[in-house]
Amino acid sequence: MIKITAREQPNELLHKVEELSGQNLFTCYQCGTCSAGCPFAGEMDLLPEQIIRHLTMGINDVLTSKSIWICASCYLCAERCPRDINMAKVMEALRQVQLRRNIDHVQIAHLPPEVLGAVPPMALVANFRKNTG
Amino acid sequence: MTTPQPDLITMQFMGKNYQVPSGLTIMAAIEYAGYKLVRGSGCRAGFCGACPTIYHKGESHKLYTALACQTLVEDQMCLVQVPFVPVARKRYVMDALQPTPNIILQYYPEIAGCVACNTCTRACPQGIQVMDYIQAALRGDIQRTAELSFDCISCGICSSRCPSDIKHYPVGQLARRIYGKYILPRSQHLADRVSELAAGAYQDEMTTLMHLSLEDLKVRYEQRVFEPVVGQNDEHNAVRQWGSPVDPVDFQDDPQAILSTGA
Amino acid sequence: MHIDYYPGCTIKTSARQYETSALAVLHALDVQSREMEQWNCCGVVHSLATDNLIRHVAPIRVLTRLQQQGGTELVTLCDMCYNTLAQANLLVQRQPDKGEAINGFIADDQTYGGQVDVLHLLQILRDRIGFQAIKRRVICPLKGLTVFPYYGCKLLRPRAVGIDDAETPSILRDLMQALGATVVDDPIQTCCCGSYHVVNRDAIVAGQVTKIAARAQLQGADIIVLSCPLCHFNLDTHQPRPTDGGQRLPVLYYTQLIGLAFGLPWETLGLDAHHIDPFPLLQHQHSVPLEGERV
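The numbers attached to residues start from 1 for each chain and follow its sequence in the written order. Labels are handed out in written order, letters beginning with A for the chains and numbers beginning with 1 for the ligands. Selection of residues for local features in this predicted model requires a pLDDT of at least 70, selection of side-chain atom pairs for listing and counting requires 80 or more, and totals for whole chains, interfaces and linings are taken over all residues.

Elements are defined by DSSP. Helices are runs of H or I of four residues or more, strands are runs of E of two residues or more, and each kind is numbered from the N terminus. Counting its secondary structure elements, chain A contains eight helices and zero strands. For chain A, the α and β elements follow one another from N to C terminus as α-α-α-α-α-α-α-α. Dimensions of chain A along its principal axes, counting C-alpha atoms only, are 50 × 30 × 30 Å. Buried positions account for 41% of the 133 residues belonging to chain A. Contact definition: two residues whose C-beta atoms, as placed from backbone geometry, lie within 7 Å. Long-range pairs, those at least 24 residues apart, make up 65% of the contacts in chain A between residues at least 6 apart in sequence. A residue is called partly exposed when the number of other C-beta atoms within 10 Å of its own lies between 12 and 20, exposed at 12 or fewer, and buried at 20 or more, with C-beta atoms placed from the backbone.

Given below as structure tokens:
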């Protein structure tokens, strides 16, 4: 059961995410179109529109979700949202909040040499841009 | 009559102001100020990379990097030395490496984090296009990495400033090693010559020379034969100038002396 | 016609066959192409945060260098390069204050404002040369080949830079039909393949690639055609062998198929650089040697 109370303190995470993403999360009406189209929603713990809801309600499990790292920035959600919310930017903002706390999601030094030797350079460049600070 | 003294300028080092003559290198100025350099000093000729220095000038916000032995001290310089930039170097065995396109990425994957900001190139005291050689390494162009990084002296200034924590000089070093070992074409006439020598082509002559007296050896040296050179009338032709002040072997190694004789 | 093109890092490593086939096709179409000088990695992905300006330095530097070399238009082969360069370009056009900060960082006298146009090779083929002109050059139509065009995400989204409709694109279908192939579609053709997750979460890529290949086969395809080197790597190396003993689907670049239809020598098209061997499927193409004849 999640307890929700009226807040007196400002929701700092929400403000930071809105600032970094440039999106107004309160316009979301929870239609679920983003999650329906997301190719990787099946791997996620929190669905995209759940992330928005938890942010606006101040429920503190968004930053520790797997979802923000499973997102591949394919822009499908952003292109389909009927409220013109760019969900891809919201996901990026959440990743950046974590990364700017000096918590890299991928430890470059621990990647196996077989992988480094085989994957195309563009995969490494993109992966590091999304997963490291 | 007193010789004119150079102007004194202000240098701030380790938080203290010193008056030093202008015209000195940073390294000489630090020593003028009374310090004995036991770290951060090496060849004093801009080749060993031991003396990286970070400084700013007066009120300007810009931060500069340079080699202390190659840079003149300026008024209002506020500087600190970095005797050692800790870069993590990877262990590898050259014989076990294959020159695949991803080989440098395999050992230094952080080069994929390069944002092309050019901070490294701007920091380099050798004028090397550091960012471009890292980019070449990223796309597997080992030859270009080796060529562009050739003048690197491994001072580490670039790595100390890089926002992506890239280790530029070990990357260049690995590229040059791979290039030299696997990519550079082999010289067949050199290999043939080496085989000749190994088979004893000059063994008899060497033995004779080893048994000569010092006087006989000197005579032999004076009477040595030069190979015929194309362009006999070239003023720098060794045969023509043998024994003269322009002789590249015999004359004292002083360019000023050569020029002043007007030979 | 002359184009300046931007290869991108992967074109020079694991996607060399894309470049060799593209250059061969452009040559056959009388297009002069010049690789731009002193290019750097574009950064691959566009930074979506509002303030991470340093991440735009790499693509803007590419465009600025092209401008300094006298170029006004840059053609890319890689979808992700196209997307990142185009989005960075749009950013400096629409948000000049950010453009100014990026310019100031790159060089004191830099004033790049988005003057270079960024194009994908498919746009050149469709809009400058035209698929009708391409059809007229076909001497070995791809008869008997059922092709599944796979678009992935970066060629089409976001719409501001997409080169075709993001939900029902037709550019690859039109091109393949001009080459004489049969084309089958499926909605999964615009779904992301998993992209850079191949580095540390390749189970996601394997799962997605399995779905894509399965739907393609369900629609009757014998070959997948695409334009992105990362999609190609994922589909070529992570396709599972079908449980019913069937074949995996070979994955080719559209330029390789154009080359085959033009009757270009197979050696110039990099057909032997794939994990999943396409030769058995392409044997009926005149320019392709039969099994056992390939040296």
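Now that the structure has been shown, the text picks up again.
Contacts between the two partners involve 14 residues from chain B, matched on the other side by twelve residues from chain C. The classification used treats Ala, Val, Leu, Ile, Met, Phe, Trp, Tyr, Cys and Pro as nonpolar, Asp, Glu, Lys and Arg as charged, and all other residues, Gly among them, as polar. The residue makeup of the side of chain B that touches chain C, split by class, is eight nonpolar, three polar and three charged.

Attention now moves to the domain arrangement of chain C. Residues and elements named next belong to chain C. Residue ranges assigned to each domain were obtained from an automatic or database domain assignment. Considered domain by domain, chain C is made up of domain 1 (2–121) and domain 2 (130–282). Centre-to-centre separation of domain 1 and domain 2, based on C-alpha positions: 24 Å. Contact with domain 1, which involves 22 residues of that partner, is made by 24 residues of domain 2. The element contributing the most residues to the side of domain 1 that touches domain 2 is helix H1 (residues 16–28), with nine residues. Grouping the amino acids of the side of domain 1 that touches domain 2 by side-chain chemistry returns twelve nonpolar, eight polar and two charged.

Any two strands with at least two DSSP-identified bridges between them are counted as paired. With four bridges joining them, strand E1 (residues 2–6) of chain C and strand E2 (residues 32–35) of chain C adopt parallel strand pairing. Paired with C:Tyr5 across the bridge in E2(C) is C:Glu35.

A separate point is the pairing of strand E7 (residues 223–226) of chain C. All names here are of chain C. Burial along E7 is two-sided: Ile223 and Val225 facing one way and Ile224 and Leu226 facing the other are all buried. Inspection of the sheet shows strand E5 (residues 146–149) paired to E7 by three bridges, in the parallel sense. Residue pairing for E7: Val147 is matched across the bridge by Ile223. Relative to strand E8 (residues 251–253), E7 runs parallel, the two sharing three bridges. Bridge pairing links Val225 to Leu252 in E8. As for the winding sense of the linkage, the β-α-β connection from E7 through helix H9 (residues 229–237) to E8 is right-handed. The handedness rule is simple: strands pointing away from the viewer, and a clockwise path from the first strand over the helix to the second, make the crossover right-handed.

All names here are of chain C. In spatial order, the strands read E6-E5-E7-E8; together these four strands make up an open sheet with parallel pairing. Unpaired on one side and paired on the other, strand E6 (182–183) and E8 mark the two borders of the sheet. Relative to the sheet, helix H10 (residues 254–261) contacts E7 and E8, its axis offset from that of E8 by approximately 75 degrees. Orientation is described by lines fitted to C-alpha atoms, with helices fitted over the stretch in contact, and by angles between N-to-C directions that extend from 0 to 180 degrees.

A few words on the packing of helix H2 (residues 57–68) of chain C against helix H3 (residues 79–94) of chain C. All names here are of chain C. In contact at an axis separation of 9 Å, H2 and H3 are set at 85 degrees when each is read in the N-to-C sense. By the angle between their directions, the pair H2 and H3 is classed as roughly perpendicular. Mapping the contact onto sequence places Pro59, Ile60, Val62 and Leu63 in H2 and Thr84, Leu85, Ala88, Asn89 and Val92 in H3. When its residues are assigned to classes, the contact of H2 with H3 shows seven nonpolar, two polar and no charged. If an angle is under 35 degrees, it is roughly parallel; if it is over 145, roughly antiparallel; if it lies from 65 to 115, roughly perpendicular; otherwise it is oblique.

Attention shifts here to helix H5 (residues 121–129) of chain C. Residues and elements named next belong to chain C. Along H5, the residues classified as buried are Leu121, Leu122, Leu125 and Arg126. Down the axis of H5, the sector holding all buried residues measures 140 degrees, keeping them to one side. Elements that come into contact with the buried residues of H5 comprise H1, strand E3 (73–76), strand E4 (117–120), helix H6 (131–136) and helix H7 (171–178). Positive phi shows up at Gly130, right after H5, with a value of about 90 degrees. As used here, the arc belongs to the directions running from the helix axis to the C-beta atoms.

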